[in-house]
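One letter stands for each residue in the lines below.
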Amino acid sequence: MDLSFSYCFFLFLHLLSVLLIVFMAIEFLKILVSRSTEMVNPPPGSLGPPFIGETPAFISANSNSKGLYEFVKTRHLKYGSCFKTSIFGSTHVFISSTEAAKLMLSGESLDFSKRYIRSIAELLGDQSLLCASKETHKLVRHRISNLFTSDSFSSSINFFDELTLKTMAQWEQRKSALVLDDAMKITFNAICKMLISLSEENELQILQKDVLQVNEAMLAIPLNLPGTRFYKGLKARKRIMNTLKRIIELRRKGLEFHDDFLQSLLRRDDDDNDYEPLADKQILDNILTLIIAGQDTTANAIAWMVKYLDENQEVQDTLRLNLSSENHGHSLGVEALNRMSYASKVVKESLRMMTIVSWFPRVAMKECQIDGFQIKKGWILNVDARAIHYDPKVYEDPTKFNPSRFEEDAKPYSFLAFGVGGRSCLGMNLAKAMMLVFLYRLMTKFRWRVTDKDSSLEKWGIFPRLRTGCPVHVTPINTECESL
Ligand code: HEM
């Protein structure tokens, strides 16, 4: 009995390995055939060895203090504004002209579809706005964009301001702070309040830790093996989903009610007959997506803005002068923010200089020509927003931090910090407002300086994150007056 079981098991393993070898041989041949197919004018660049491509260089850039974008930058310098590479088994083309950005992002063309790498789709869920099919995206985007109304927006800003004031009151005692850490916490708490009304400190901390693990797994090799970054990310996703499911259950049973995004998503909107209500899976995946898309991006953007201002004292002086006429004690509303025109330009220039989302991936749905290069169906085209922001043909003296450049309207498709078109950032106005509130409070409460000027980046961040966390020394402005 034992012997026949062992024999069957051996046979099974044998068959499995033969099948695996056949499968790999077919895939290998497919790659060879596709690579050798004549192309009229393919983009320059290297695809590396079959299967592996340039994945090792991509991963190693992510564990380097110059950050993931260095992988793109070195190839951009070597091959020019359009080049190809191969990452995680797919051919990627990076392209950095405003014409290509227009063609791919404007939504006029059906030839491109958004696509993220597999690890991101598994961590955020297939119903996430970032990964869903075109039909699901249309439905989810419609439902969620309806929630970013001026009412919900202004209460979120008030809450963000409250948290900023509380945090900065602690700075007054300590005379120092890590901008990034505090910005992460404030944006996280404000977004969680807006989405699911979570405000209990302990629950927020647990959720924030799990969100961080999901974030860190986004660019990892999608190998679900115990101990790997990806495995930990998937486990963290599961815990987050369970927490959200519990919250939804309480709401569905009528045991809890809050005036937030989740409540609106659970409500059937009878006036909106054109669109189905969202299924629970769609709600779950997209609550996680909004937290991930909103927190890390905004907090990092705040830290970079503080760094650029520290390095450009003359801009800081102009800003201080511009803000001196604004006086907002404990309430800073949307109208007041709209009046801060120079501060808005500081926000915009910071977002240009540090393009938090460096490139936007789209799949070519059919063979096409872009900037004169032949592109095959199935290739992933990435609009390289960072390269456009640093193109001297688009921005004069691009390495200079100069908010006044935005006194003139930016050229079409030249300012891409929040993307453009049907897939542009849903939280754009919220993010800009949070940055403005933070800036206003920092500038009007303190004289300050960054105490560690190092610009190196944290490893494994999906967005460029300062390794130092942007430490500042602060002197409260009141104390300064008292000591005069
Ligand atoms: C400074 C902060 C932020 C930056 C730089 C940023 C940047 C971006 C960019 C560039 C895209 C488009 C990517 C593409 O076209 O492939 C995007 C999409 C998105 N962002 Fe933001 N974002 C920020 C903050 C936020 C906030 C606060 C939220 C919401 C709480 C948010 C939610 C989203 C969502 C849901 C999408 C996907 C939209 C879609 O595919 O339809 N973002 N963001």
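Cut-off values and rules
- Residues numbered from 1 in each chain as written.
- Predicted model: local features only at pLDDT ≥ 70, side-chain atom pairs only at ≥ 80, totals over all residues.
- Heavy atoms only, no water.
- UniProt positions renumbered as here; feature names shortened; annotations may be inferred.
- Helix = DSSP H or I, 4+ residues; strand = E, 2+ residues; numbered from the N terminus.
- Buried < 20%, exposed > 50% of the residue type's maximum accessible area, 1.4 Å probe, protein only.
- Contact = heavy atoms within 4.5 Å.
- Areas by Shrake-Rupley, 256 points an atom, 1.4 Å probe, with all protein chains shown as cover.
- Near = heavy atom within 4 Å.
- Polar contact = N/O pair within 3.5 Å; in protein donor to acceptor, adjacent residues only side chain to side chain.
- Nonpolar A, V, L, I, M, F, W, Y, C, P; charged D, E, K, R; others polar.
- Donors = N, O, S within 2.8 Å, 3.2 Å for Na, K, Ca; no water.
- Core = buried A, V, L, I, M, F, W, Y, C linked by side-chain atoms within 4.5 Å.
- Axes fitted to C-alpha atoms, helices over the stretch in contact; angles between N-to-C directions.
- Parallel < 35°, antiparallel > 145°, perpendicular 65-115°, else oblique.
- Expected span 1.5 Å × (residues − 1).
- Arc of directions from axis to C-beta.
- Phe/Tyr/Trp six-rings, centres within 6.5 Å; stacked < 30°, edge-to-face > 60°.
- Lys NZ or Arg CZ within 6 Å of the ring centre and 35° of its normal.
- Pairing = 2+ DSSP bridges.

- With an unreviewed UniProt entry as reference, the chain is termed Abscisic acid 8'-hydroxylase 2, source organism Dioscorea cayennensis subsp. rotundata.
- The record in UniProt for the chain states the following under Cofactor (unreviewed entry): "heme".

**Quick word on the overall build of the chain**
Phase 1 of the analysis: Counting its regular elements, the chain contains 18 helices and 10 strands.
Phase 2 of the analysis: Residues classed as buried in the chain amount to 50% of the 484 residues present.
Phase 3 of the analysis: A sequence separation of at least 24 residues applies to 73% of the contacts in the chain between residues at least 6 apart.
Phase 4 of the analysis: When the accessible surface of the chain is split by element, carbon and sulfur atoms take 55% of a total near 24,000 Å².

**Concerning the site of the ligand**
Phase 1 of the analysis: In the region of the ligand, 27 residues are neighbours, and Lys-114, His-137, Arg-141, Arg-362 and Cys-425 sit closest.
Phase 2 of the analysis: In the environment of the ligand, an oxygen atom lies 2.9 Å from a nitrogen or oxygen atom belonging to the side chain of Lys-114.
Phase 3 of the analysis: A distance of 2.6 Å is found between an oxygen atom of the ligand and a side-chain nitrogen or oxygen belonging to His-137.
Phase 4 of the analysis: Elements represented by at least two residues in the shell around the ligand include exactly helix H6 (134–145), helix H12 (280–311) and strand S5 (359–364).
Phase 5 of the analysis: For the shell around the ligand, the leading source of residues is H12, giving 6 residues.
Phase 6 of the analysis: Along the lines of polarity and charge, the residues of the shell around the ligand split into 15 nonpolar, 8 polar and 4 charged.

**Description of the coordination of the iron atom of the ligand**
Any two of four tetrahedral donors ideally make an angle of 109.5 degrees at the metal, while pairs among six octahedral donors ideally make 90 or 180 degrees.
Phase 1 of the analysis: Of the protein atoms, Cys-425 (SG) alone serves as a donor to the iron atom of the ligand, at 2.3 Å.
Phase 2 of the analysis: As for its position among the elements, Cys-425 is in the loop between helix H16 (385–389) and helix H17 (428–445).

**Notes on the nonpolar core**
Phase 1 of the analysis: If you look at the biggest cluster of nonpolar residues, it comprises 122 residues, and the most contacted ones within it are Trp-171 and Trp-448.
Phase 2 of the analysis: When residues in this core are grouped by element, the largest group, 16 residues, is from H12.

**A closer look at the packing of helix H9 (residues 201–217) against H12**
Phase 1 of the analysis: Orientation of H9 relative to H12, taken along the N-to-C sense of each, is 90°, at an axis distance of 11 Å. Put simply, H9 runs roughly perpendicular to H12. Contacts from Leu-207, Gln-208, Val-211, Val-214 and Asn-215 in H9 reach Ile-291, Ile-292, Gln-295 and Asp-296 in H12.

**Comments concerning H9**
Phase 1 of the analysis: For H9, built from 17 residues, the straight-helix expectation of 24 Å at 1.5 Å per residue is met to within 8% by its first-to-last C-alpha distance of 25 Å.
Phase 2 of the analysis: When H9 is considered as a whole, its buried residues turn out to be Leu-204, Leu-207, Asp-210, Val-211, Val-214, Asn-215 and Ala-217. Down the axis of H9, the buried side of the element spans an arc of 160°, and every buried residue falls inside it.

**Quick word on helix H10 (residues 229–252)**
Phase 1 of the analysis: Taking 1.5 Å of rise per residue, the 24 residues of H10 would be expected to cover 34 Å, and the 34 Å separating its terminal C-alpha atoms lies within 8% of that figure.
Phase 2 of the analysis: All of the buried residues along H10 are Phe-230, Gly-233, Leu-234, Ala-236, Arg-237, Ile-240, Met-241, Leu-244, Ile-247, Ile-248 and Arg-251.
Phase 3 of the analysis: Lining the buried residues of H10 we find helix H5 (118–124), helix H8 (179–196), H9, helix H11 (261–266) and H12.
Phase 4 of the analysis: Gly-254 lies just past H10 and shows a positive phi near 75°.

**Things to note about the side chain of Thr-297**
Phase 1 of the analysis: On the secondary structure map, Thr-297 appears in helix H12.
Phase 2 of the analysis: Within the structure, Thr-297 has its side chain in polar contact with the backbone oxygen of Ala-293 (distance 2.5 Å).
Phase 3 of the analysis: Here the side chain of Thr-297 touches Gly-294 through a polar contact of 3.2 Å, landing on its backbone oxygen.
Phase 4 of the analysis: With near-sequence residues (within four places) excluded, Thr-297 lies in contact with Ile-356, Val-357 and Phe-463.

**Topic: the packing of aromatic side chains**
Phase 1 of the analysis: Tallied over the full model, the rule gives 13 aromatic pairs.
Phase 2 of the analysis: For the ring pair Tyr-79 and Phe-83, a centre distance of 6.3 Å and an interplane angle of 35° mean the geometry is tilted.
Phase 3 of the analysis: Both rings, one in Tyr-395 and one in Phe-406, keep their centres 6.2 Å apart while their planes meet at 70°; by these two values the pair is edge-to-face. Within this pair, whereas Tyr-395 is found in the loop between H16 and H17, its partner Phe-406 is found in the loop between H16 and H17, the two being separated by 11 residues in sequence.
Phase 4 of the analysis: When its relative accessible area of 6% is taken as the criterion, Tyr-395 is described as buried.
Phase 5 of the analysis: In this structure Phe-406 comes out as buried when scored by relative accessible area, which is 8%.
Phase 6 of the analysis: A connected cluster of aromatic rings, assembled from ring pairs, spans Tyr-69, Tyr-79, Phe-83, Phe-94 and Trp-359.
Phase 7 of the analysis: In this structure, Lys-193 packs its charged tip against the face of Phe-159, placed 5.2 Å from the ring centre.
Phase 8 of the analysis: Above the face of the Tyr-390 ring, Arg-352 is positioned so that its terminal group lies 5.7 Å from the ring centre.

**Structural notes on the sheet that holds strand S2 (residues 90–95)**
Phase 1 of the analysis: Here we have 5 strands laid out as an open sheet, ordered S1-S2-S8-S5-S3, and mixed in their pairing. The open sheet is flanked by strand S1 (82–87) and strand S3 (112–114), the only strands paired with a single partner. On average, adjacent strands in this sheet sit at an angle of 35° to one another, irrespective of strand direction.
Phase 2 of the analysis: Pairing geometry for S5 and strand S8 (residues 380–384), over 5 bridges, is antiparallel. Bridge assignment links Val-363 to a residue of S8, and that residue is Ile-380.
Phase 3 of the analysis: Across the sheet, helix H4 (residues 98–105) touches S2, S3, S5 and S8, and the angle it forms with S8 is around 125°.

**Section: the environment of His-76**
Phase 1 of the analysis: Structurally, His-76 can be placed in helix H3 (residues 69–79).
Phase 2 of the analysis: Along the sequence, His-76 and Ser-96 sit 20 residues apart, while their C-alpha atoms lie 8.9 Å from each other.

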